[in-house]
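# Geometric and topological summary
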Amino acid sequence: MSLARVDDLGGAYADSLYATDVLANTVGNLPAVDVDAIEEYRALGFLSVREALTPQENQQALAGLRHLIDNPKDGVDLQFEAWAQDQLAQLHGDDRMDAVRKLQKFTHAEDRLLGIANHPGILRTVKAIIGTDDIVLLQDMALLKPPGGGREKPWHQDKAFFNLDLDATIVGVWIALDAATPENGCMHVIPGSHREGPIPHFKRRDWQICDTDVDTARNVAVPLDPGGLLFFDGYIHHGTPQNRTATRRRALQFHYVARDVLRITEEERLAVFGLEGRGAEC
Ligand SMILES: O=C(O)CCC(=O)C(=O)O
């Protein structure tokens, strides 16, 4: 069965959590990701690429998402914004898409999105970072911040959400399908935080790093044009502010690991990242 759920998290936060005075450096395109760029990724925990998808690939990805929202498929996890709960039957087309917060587990159901997850230029960099050609897709997700209301995703470490060896290299790839700006909810990262290990998360506006534990003085914003992307380490502290504009901010997010990655139990993970994370998801 396809699953339609409603997001019930969020809340007010201080604007100072997402300063925009320092912006990330970017590499021009995927073929330009060379050993120096990978070296920089290892030092900072992220690497941003300006023109990663072609406009055609970007359009294909959006068409794939639109298709799944209009035609829910078995196993695809679709989550709507809380305000849309009572209106779903009446919402169609763009209006329906603008009521979606998140889709997960869709690559089995949409070849256009599977094609992006298997993009040769993206996989080349992911393999170089992980250090093996034998990688698997761990998670596929689309995060849609609708105009005028997509909520904040507070600061967190993605590794907190996976029952995997704490020393395993997890690479996240976050792809902007619309322009992602400081005003509509672009990514923010804390350079070097991936080298500081796991830190406890707490249930506040989400399951997150406490606002007071985020070193906002080091914050870097990562605005991207459509088709731009961010490679990021599973331990890096990152988050996105809410969408305060009338524009859409739609993004894809994939996570990759080595196929032979060791698993841990949920209890082992929560013992490190905090028991309030039971049942929480990215
Ligand atoms: O796209 C977003 O707003 C945040 C995505 C993210 O950091 C996550 O889901 O782990």
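The following paragraphs examine the structure supplied in this document. Being a predicted model, the structure only gives us computed values, none of them experimental. (Residues numbered from 1 in each chain as written. Predicted model: local features only at pLDDT ≥ 70, side-chain atom pairs only at ≥ 80, totals over all residues. Heavy atoms only, no water.)

The subject of this paragraph is the layout of surface pockets. Of the voids in this model, the largest pocket is the one considered here, and its volume is about 250 Å³. If you go around the largest pocket, you meet 13 residues; those closest to its centre are Gln-104, Lys-105, Gln-139, Phe-162 and Glu-281. Here the lining of the largest pocket takes 5 residues from strand β6 (residues 135-145), the largest share from any one element. Each residue belonging to the lining of the largest pocket can be placed in one class, and the counts come to 7 nonpolar, 2 polar and 4 charged. Roughly 200 Å³ of internal volume is contained in the second largest pocket. Along its surface, the second largest pocket is lined by 17 residues, and Asp-7, Asp-8, Leu-9, Gln-79 and Glu-281 are the ones closest to its centre. Every element with two or more residues in the lining of the second largest pocket is listed here: β1 (3-6) and β5 (100-104). Of the residues that constitute the lining of the second largest pocket, the class distribution is 5 nonpolar, 2 polar and 10 charged. (1 Å grid on protein atoms, 1.4 Å probe; cavity = no way out; pocket = protein on both sides within 12 Å on 5 of 7 lines; lining within 4 Å. Points joined across faces, edges and corners; volume = space filled by probe spheres on them. Helix = DSSP H or I, 4+ residues; strand = E, 2+ residues; numbered from the N terminus. Nonpolar A, V, L, I, M, F, W, Y, C, P; charged D, E, K, R; others polar.)

Taken as a whole, this structure holds 16 salt bridges when the rule is applied. The residue Asp-178 makes a salt bridge to Arg-250 at a minimum N-O spacing of 2.8 Å. Of this pair, Asp-178 sits in the loop between β8 (171-176) and β9 (187-189) while Arg-250 sits in strand β15 (residues 249-258), placing them 72 residues apart in sequence. On the basis of relative accessibility, which here comes to 12%, the residue Asp-178 falls in the buried class. Take Arg-250: its relative accessible area is 11%, and that puts it in the buried class. Two residues, Asp-211 and Arg-205, come together in a salt bridge whose shortest N-O distance is 2.9 Å. One continuous salt-bridge network, built from bridges that share partners, spans Arg-66, Asp-94, Asp-98 and Arg-248. (Salt bridge = Lys/Arg side-chain N within 4 Å of Asp/Glu carboxyl O. Buried < 20%, exposed > 50% of the residue type's maximum accessible area, 1.4 Å probe, protein only.)

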